[in-house]
Amino acid sequence: MKKNPVSMLITFMVVLAGVLIFVAPLWIMVMNSFKPLNEIIAFPLRFPDEWSFDNYAKAWEEVNIPNIMKNTAIVSFSAVCGVIILATMTAYWAERYPTVYSRIFSSAILLSMLIPFATIMIPLVQVMKFLHLNNTIPGAVLAYWGIGLAFAFFMIRSGVKTLPYELEEAARIDGCGVIQVFVRIVFPLLSPVVFSVFVMDMFWVWNDFIIPLILLNNQKLSTVQLAINRLFGMYNSRWDIALPALTMSMLPIIVIFILLQKKIVGGVMAGAVKG
Amino acid sequence: MKKKKKYNMLWGNLLFLGPSTLVFLAVVVIPFAISIIYSFSNWNGISNEIKFVGLNNFNNIFSGKAKFLDAFWFTLRITAVSVLLINLLGILLAVALTARLPLRNPFRAAFYLPQTMGGLILGFIWQFIFIAGFPAIGDKLNLGFFTQQWLGTEKTAFAALVIVNVWQNAGYVMVIMIAALSGISSELIESAKVDGSRPLNTFLRIKLPLCVPYITVSLFWTISSALKMFETNVSLTKGGPYGSTTSMALNIYNDAFANNKYGLATAEALVFFVIILAITSVQLYMSKRKESQIL
């Protein structure tokens, strides 16, 4: 479409203003995280006189950043890998070898997408107590496996549908067992969709608050979200500690987002088209 | 041969479906079933004694004795307002950012950025903006409107939550709508132009109707995520002032884990489930009809 330069310029300026408004909250947070507390409260919109990292050192100690990052990384990685392994196996089998059971099971998985987490969270704590997994990392990971199964299954099954069956048949004739076909042929061929799911679920688990809140009530096992929540509970209005802690907690996510931008947006679009 | 195949199927089912079945039972099916049982009891979550009280919990919910109805109306209001604004802004952004603007891709990324962060953290960032940032802007520009106590009154706390919801989710709708708009064949638009259709007319009469399936997806997603609001609620307003901004999910959480009313909370959770189920199925049904009318 041809557009005249004036209307183009106006659009550009309007969008630019929008971008600035959208990014402003983050910018205000980062800027203030470098200032002493009295300056934050008196002049929240002003640049710091000097950029000091004192607040960061305090927050690093107070929140124990290395520990919460480690916990969150362990939980997210094991949760997402487990979800993907379970969902790929289920999706592959349900698509290639449909039986009465696999049909019932896959529709049950899809129906579970309609159950809000709040509906099952209360008894879930009891189930975890019964399994002796309450307040342990494996307990939280197990919960993510169950909750994350639906979305991953849904995405990966549509990936399996596009795979040519001939390849698997050829491998079978060459003497591969079912497991070998799955591990050596199907899984590698699914890697694009698996990667998409991996990235999206990683963001979900990393940012999730409610599962750690009810299943990881041990301060040593705090994830990023839990630690930030506890910090705000303890020091209301200690913005000189809270703002650097918030900034640090977001940093990994923002870096990954910038690196994987196309992948993430592509995944969202794929999800929308299939929905 | 036939026998061998059957044998294989059994092991295959066990191996490929067994683990997910166990996980699914433990995390979704059994808790859901227990939820139904608890909802007829007055269990407090601690004692070993469970007394069954019939429909008492549901009675309390629907008679307004429990706070759940208030939470329901609040959630409904905030969902209506936010979903409308999120989708309008998202569509506008998508239209602006499918034009050939310089810096188009970084701009898209900037609008999508809040979507990648957790609701809890976004709420805390905005807590700072509402407590310190907005009043400072008000002082600077001499706008009394900005200097009020945003999180202190019912109306402004509601507005604050709407602002955060829109900020967080407009980028999602934008991405979906960009996909929709760029999927429209340029020949169609060209021919409309040749026939003398003005840009606004082309947008309203051709582009927008073609986007309906995508708009459905984004409505579906924005409505169901607004109904489930929890994290931003916890971090921004804590349900206050005076419980006026307590969402359904936060209300259930409070009743279960802060007030130790497991029985009542599971009953509320079931009502919550039915509400979401009803709204999403109505939506799915209507969207199916709309789509078949257009396609």
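Just so it is clear, the model here is predicted, and its values are computed rather than measured.

A. Structural context of the overall build of chain A. When its secondary structure is counted, chain A shows 13 helices and zero strands. Across chain A, helices and strands are ordered from the amino to the carboxyl terminus as α-α-α-α-α-α-α-α-α-α-α-α-α. Relative to its length of 275 residues, chain A is extended, with a C-alpha radius of gyration of 23 Å against a globular reference of 19 Å. Expressed along its principal axes, the backbone C-alpha trace of chain A runs to roughly 75 × 65 × 35 Å. Restricting the contact set of chain A to residue pairs at least 6 apart, pairs at least 24 apart contribute 72%. Just so you have it, chain A exposes about 12700 Å², and 68% of that area is on carbon and sulfur atoms. Positive and negative side-chain charges in chain A, numbering 19 and 14 respectively, have mean positions lying 7 Å apart.

B. Region of interest: a nonpolar patch on the surface. Residue and element names in this part refer to chain B. Side chains of I36, I37, F40, I50, F52 and L55 sit close together on the surface and give an oily, nonpolar patch of about 540 Å² of accessible area. Along the chain, I36 falls in helix 1 (residues 2-38). Under the relative-accessibility criterion, I36 is labelled partly exposed at 35%.

C. Region of interest: the pattern of salt bridges. Residue and element names in this part refer to chain A. Enumeration according to the criterion identifies three salt bridges over all chains in this entry. Close ionic contact of E168 with R96 constitutes a salt bridge, the shortest N to O distance being 3.1 Å. Of this pair, E168 sits in helix 8 (residues 165-173) while R96 sits in helix 4 (residues 65-96); the two residues are 72 residues apart in sequence, bridging distant segments of the chain. For E168, a relative accessible area of 3% gives the class buried. Linking R238 and D240 is a salt bridge whose minimum nitrogen-to-oxygen distance equals 3.0 Å. A relative accessible area of 3% places D240 in the buried class. Residues participating in the shared-partner salt-bridge network are K58, R238 and D240.

D. Local environment of the side chain of N169(B). All names here are of chain B. By the element assignment, N169 lies in helix 6 (residues 154-182). The buried category is assigned to N169, whose relative accessible area is 8%. If near-sequence neighbours (up to four positions away) are discounted, N169 is found in contact with I86, Q115 and W221.

E. Here's a closer look at the nonpolar core. Counting 190 residues, the largest nonpolar core has Y92(A), M121(A), L246(A), F130(B), F230(B) and I252(B) as its most contacted members. Apart from residues no more than four positions distant in its own chain, F130(B) is found in contact with P135(B), W150(B), L151(B), A160(B), I163(B), V164(B) and L236(B).

F. Here's a closer look at the UniProt feature "domain: ABC transmembrane type-1" (unreviewed entry) in chain A. Cross-referencing UniProt, the feature "domain: ABC transmembrane type-1" (unreviewed entry) maps to residues 69-260 of chain A in the present numbering. The straight-line gap between the two end C-alpha atoms of residues 69-260 of chain A is 20 Å; of that span, 82% is helix and 0% is strand.

G. Main features of the packing of aromatic side chains. A complete count under the given rule lists 44 aromatic pairs over all chains for this structure. When the centroid spacing of 4.9 Å and the interplanar angle of 75° are considered together, the rings of F22(A) and F111(B) count as edge-to-face. Pair noted here: F22(A) is in helix 1 (residues 5-32) and F111(B) is in helix 4 (residues 104-112), and the two residues belong to different chains. The exposure classification of F22(A) matches that of F111(B), with both residues buried. Through a chain of ring-to-ring contacts, three or more aromatic side chains come together here, namely F22(A), F111(B), W126(B), F130(B), F134(B), F145(B), F146(B), W150(B) and W167(B).

H. Highlighting the interface of chain B and chain A. Each side of the interface is counted separately: chain B has 84 residues, and chain A has 84 residues. Buried surface at the junction of chain B and chain A, both sides included, amounts to about 7500 Å², of which 83% is carbon and sulfur. Our count for the chain B to chain A interface comes out at zero salt bridges. Counted by class, the side of chain B that touches chain A contains 66 nonpolar, twelve polar and six charged residues.

I. Main features of the confidence of the model for chain B. Residues and elements named next belong to chain B. Of all residues in chain B, 95% have pLDDT values of 70 or greater, and the mean over the chain is 87. When mean pLDDT is taken per element in chain B, helix 3 (residues 68-98) scores highest with 95 and helix 12 (residues 262-294) scores lowest with 82. ipTM for the predicted complex: 0.90, alongside a pTM of 0.91.

J. Up close: unusual backbone geometry. Residue and element names in this part refer to chain B. Despite not being glycine, L103 has its phi angle at roughly 60°, a positive value. Look at K238: it is not a glycine, yet its phi comes out positive at around 55°. Note on placement: K238 falls in the loop between helix 10 (231-237) and helix 11 (248-258). Exposure remark for K238: the relative accessible area of 57% places this residue in the exposed category.

K. Representation of the packing of helix 4 of chain B against helix 6 of chain B within the structure. Residues and elements named next belong to chain B. Running from N to C, helix 4 and helix 6 point in directions that differ by 135°, and their axes come no closer than 7 Å. In terms of orientation, helix 4 and helix 6 fall into the oblique class. Residue-level contacts link R108, F111 and Y112 of helix 4 to G171, Y172, M174, V175 and I178 of helix 6. Residues belonging to the contact of helix 4 with helix 6 are distributed by class as follows: six nonpolar, one polar and one charged.

The rules behind the values
Residues numbered from 1 in each chain as written. Chains lettered and ligands numbered in written order. Predicted model: local features only at pLDDT ≥ 70, side-chain atom pairs only at ≥ 80, totals over all residues. Heavy atoms only, no water. Helix = DSSP H or I, 4+ residues; strand = E, 2+ residues; numbered from the N terminus. Rg over C-alpha atoms; globule rule 2.2 N^0.38 Å. Contact = heavy atoms within 4.5 Å. Areas by Shrake-Rupley, 256 points an atom, 1.4 Å probe, with all protein chains shown as cover. Lys, Arg positive; Asp, Glu negative; His and termini not counted. Charge placed at Lys NZ, Arg CZ, Asp CG, Glu CD. Patch = residues over 30% accessible without salt bridge, like charges linked within 9 Å, V, L, I, M, F, W, Y side chains within 5 Å. Salt bridge = Lys/Arg side-chain N within 4 Å of Asp/Glu carboxyl O. Buried < 20%, exposed > 50% of the residue type's maximum accessible area, 1.4 Å probe, protein only. Core = buried A, V, L, I, M, F, W, Y, C linked by side-chain atoms within 4.5 Å. UniProt positions renumbered as here; feature names shortened; annotations may be inferred. Phe/Tyr/Trp six-rings, centres within 6.5 Å; stacked < 30°, edge-to-face > 60°. Buried area = accessible area lost by both parts, 1.4 Å probe. Nonpolar A, V, L, I, M, F, W, Y, C, P; charged D, E, K, R; others polar. pLDDT = per-residue confidence, 0-100. Axes fitted to C-alpha atoms, helices over the stretch in contact; angles between N-to-C directions. Parallel < 35°, antiparallel > 145°, perpendicular 65-115°, else oblique.

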